[in-house]
Structures are given as structure tokens and as C-alpha cells.
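Structural overview
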Amino acid sequence: MQRKDELSLTGRSVTSLEDLSASEIVGLMHLADDMAKAIGLGTDHEPEGSPGFLDRILGLLFFEPSTRTRLSFEAAMLRLGGSCIGFAEAASSSAAKGESIADTARIVASYADVLVVRHPLAGAARVVAEAADVPVINAGDGTRAHPTQALTDLFLLWRRKERLDGLTVGLCGDLKYGRTVHCLAPVLARLGSRVMCISPPALRMPEVTLRKVVEACGERPREVEHLAEVIGELDALYVTRVQRERFASLAEFERVAGSYVLTPELLSAAPQGMLVMHPLPRVDEIAREVDADPRAAYFEQAAGGVPVRMALIAAVLGLQKLPAGRDLRGRDVPQRVRRPADAGGCPNPRCVLAHEPALVSEAIEIAGDPPLLVCSYCEQPFTQTVLAMETWT
Ligand code: NCD
């Protein structure tokens, strides 16, 4: 039975951070702290020790490249005492033979107790969650969401700043295509922190994400083009890579590649206590010399991915409850109004709807004046013209 001071995620899927209440997110931070102690992360103490053998299997469905996310999920399950199965690229799965995402999900769900999915199409994690009868965790679906990265980002702030409210966080770089910032910006606002958006005009934060921030805190984020304008005001600077693989064409990518770089000179204007964060992989947007600066926190941030994922796996498998009743600040996401989609359906060629013919297109309303109608799978506005994608690598 669930106690009043506990929250349960047993059996639940997490395809977006909107699936979690503010107190569940904070509860996960507490549980991740316990997991970090158990594995001896960030302490001088000996690890408290792993729980021993766990008769549960994690299924990894990685249709897109990954280093940190896949390996930290694997490490997390092994640290919990469980086992992992799965594939690390679409080419080695039956997707290469034309199997639908839903069929693959149904099958692997019959071999495993929890699934983790990464896919290049926005909305794919939801399709997996709808097809599988075990909990599904989204490890990144197209440009839409990457909830466990955002939890990992919050965990660094939680440990280093000892709070998740009242912070000012600058999100810098490719805010248009970066799924990590699409998740992180609204959740920071929900938890009572302020977000600033720093990007070249061509890589601005999408309107839907800006609206979610307004919905959460009543304030539209400040948007600037140059880091120097705001770096002195930040508690944390979150730099992102230009998402080369998500651009419609090589020419579009080349127009913005290398357009922002965090250098030691730029960093000299930042507060002493500011954290430099990055979901990684880094390409050239943070100069290597910055690594030696005590504010560089990105490697520590990545290491926190293991206890965070241990906490989430343990919670959805029902092995652990989350502590509740503490830190009850923050807002939950309101129920969204659902509407039938336009006759043509979702126009985004990188929406999962374009590849899973059995799915029915549907719109959701994001509050504002006028409300924004977006596809309920990929969250791209229905009104926006999406250019046909060239195929290039
Ligand atoms: C991110 C991703 O895959 O979205 N990487 C990660 O999971 N840490 C960021 C990126 O690829 O730039």
C-alpha cells in the first residue's frame, strides 16, 4: 500500500517530463541522491553497495546513435542487479526489414520488464508506450523530448545549487532542434526557475516551447543573440551542440555551424559560481580550454545520468517509492484540449505519423492568444510549413 508520504511511479511510462508531477520530479532527485550514495558517486565514502541480483530485464531499443544515454541506462540496470537486452542501431533490428515501431515494441516488451527507446522520429516513444504492456522510458525521440537528460540536468543543479527554484539558467545554442532544451526549459519554469534563451536567430527556441514556459511561470523567456549580453546574470549556462542530423539540408546547417563558441574570454565575464553545463556530445561549441575551469560541470553532469536512471528504472518497476511531502514547490502540466487534426494530418515528415500508417492524427492546444495547435505526436504546429527533407548525412 502507498503511504501518504510516498509517491509511486509503478508501471508508468515516461515519454515526456509532462508525464511527471513537480513533486514526482523532486522525489526522483531524492531517490537519485540515494542511488548516487549506493554507487559511491560524488562522495569520499565507500559505495554503500548494490542490492544484489534483480530478476528483471531492461530492453534497449536504440534506433539512433548514443553513447551516454544508452550506456548509462545499461550501467544503471546492471548496478540495480538486473540485466539488459537490446540493439544499438536500427540497422541491426528488424526495422531494417520494414517492421513497424509498434510491432518491434510489442515483441521486445514480451522479453523485457521495462523498455528504453531512442528514435529519430518525434513521437516515436509514445508509439512504443502505446504498443508495449510494460513501462517505457523515452531516451530521445527526434526533436521532441529527452526527459531523462533533463532529469540528469536537474540532478546536477540539485546537487550543486541545492535547489531547483530561484535559479537563472541560460540555454545556449541550437534551441530549434535540441530536444534536451525542449524538455529542460518548461520543467525549469515549472519548478520556479527562470530561463533565458541565447541563440542565433535561425536556431531560436520554437514557439511551442516558449509557450510552455509561459504556461508554467507566466513569463516569456528573454531571448538574446549573444551570450555576452546575459552571461553575468546566470547561475548556470547550458550549451548545446548544433544538431547537424536534424537540419533540412546541409546548406541550412552550414549557415549556422560554428556560429557560437564558449571561450575562456567569454567565460571571464561569468559569475564565479556559474555552472557550465552541456548534455554532450560536444563538438566545437565549448573550447577545450574551458574544461580546466572549475565552473565546467559537464562531465560531472554526465556521470549523474547513472543514479538518475537507476532511480527512474527502480521507480517504474515498483522497486522503490519516491519520497513525497518535501519541497512541494512547482507546477504540474494542465490537461491539454484535444482536437481532430486538419484534413491533411501532420505536415512534419519527421513525425512518427509519417511512418506508422495505423496512427490517427490529432491536435492539442497550447495556451496563448490565439492558442497554438500542434500535432499531439511530434508537437510541431499544424500551421507551420515544413519543408520536404532532403536526405543527407
Ligand atoms: C543529446 C541528445 O541525444 O539529444 N545527447 C545526449 O543524450 N546526452 C544531445 C545531443 O546529441 O546533442
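For the structure, check the block above.
Description of the structure in this document. Note that the coordinates shown come from a computational prediction; the quantities given were computed from them, not determined experimentally.

Reading guide: rules and limits
- Residues numbered from 1 in each chain as written.
- Predicted model: local features only at pLDDT ≥ 70, side-chain atom pairs only at ≥ 80, totals over all residues.
- Heavy atoms only, no water.
- Helix = DSSP H or I, 4+ residues; strand = E, 2+ residues; numbered from the N terminus.
- Contact = heavy atoms within 4.5 Å.
- Pairing = 2+ DSSP bridges.
- Axes fitted to C-alpha atoms, helices over the stretch in contact; angles between N-to-C directions.
- Near = heavy atom within 4 Å.
- Polar contact = N/O pair within 3.5 Å; in protein donor to acceptor, adjacent residues only side chain to side chain.
- Areas by Shrake-Rupley, 256 points an atom, 1.4 Å probe, with all protein chains shown as cover.
- Nonpolar A, V, L, I, M, F, W, Y, C, P; charged D, E, K, R; others polar.
- Phe/Tyr/Trp six-rings, centres within 6.5 Å; stacked < 30°, edge-to-face > 60°.
- Buried < 20%, exposed > 50% of the residue type's maximum accessible area, 1.4 Å probe, protein only.
- Lys NZ or Arg CZ within 6 Å of the ring centre and 35° of its normal.

**What to know about the environment of Gly-273**
Inspection of the secondary structure puts Gly-273 in the loop between helix H9 (264-267) and strand S10 (275-277). For the pair Gly-273 and Val-169, spaced 104 residues apart in the sequence, the C-alpha separation amounts to 12 Å. When near neighbours in sequence (up to four residues on either side) are disregarded, Gly-273 contacts Lys-161 and Asp-235.

**Considerations on the sheet that holds strand S13 (residues 362-366)**
Strand order in the open sheet formed by three strands is S12-S13-S14, with antiparallel pairing between adjacent strands. Each having just a single partner strand, strand S12 (338-340) and strand S14 (372-375) make up the two edges of the open sheet. Adjacent strand axes in the sheet meet at a mean angle of 40°, parallel and antiparallel pairs treated alike. Bridging between S13 and S14 involves four bridges; their strand directions are antiparallel. Bridge pairing in S14 places Ile-364 opposite Val-374.

**Quick word on the site of the ligand**
Taken together, Thr-69, Arg-118, His-146, Gln-149, Arg-179, Thr-180, Arg-241, Gln-243, Pro-279, Leu-280 and Pro-281 form the complete shell of residues around the ligand. A distance of 2.8 Å is found between an oxygen atom of the ligand and a side-chain nitrogen or oxygen belonging to Gln-243. Within the complex, 94% of the 320 Å² of free accessible area of the ligand lies under protein. Tallied by class, the residues present in the shell around the ligand amount to three nonpolar, five polar and three charged.

**Here's the deal with the packing of aromatic side chains**
Applying the stated criterion across every chain, the model contains four aromatic pairs. With 5.1 Å between their ring centres and 80° between their planes, Phe-63 and Phe-87 make a pair best called edge-to-face. Within this pair, whereas Phe-63 is found in the loop between strand S2 (57-62) and helix H2 (68-79), its partner Phe-87 is found in strand S3 (residues 83-87), the two being separated by 24 residues in sequence. Of the two residues examined, Phe-63 and Phe-87, each falls in the buried class. A centroid spacing of 5.7 Å and a plane angle of 75° characterise the contact between Phe-247 and Phe-253, whose relative ring orientation is edge-to-face. The same class applies to Phe-247 and to Phe-253, which are both buried. In this structure an aromatic cluster arises from ring pairing among Tyr-177, Phe-247 and Phe-253. It is Arg-244 that lies over the ring of Phe-253; its NZ or CZ is 5.4 Å from the centre.

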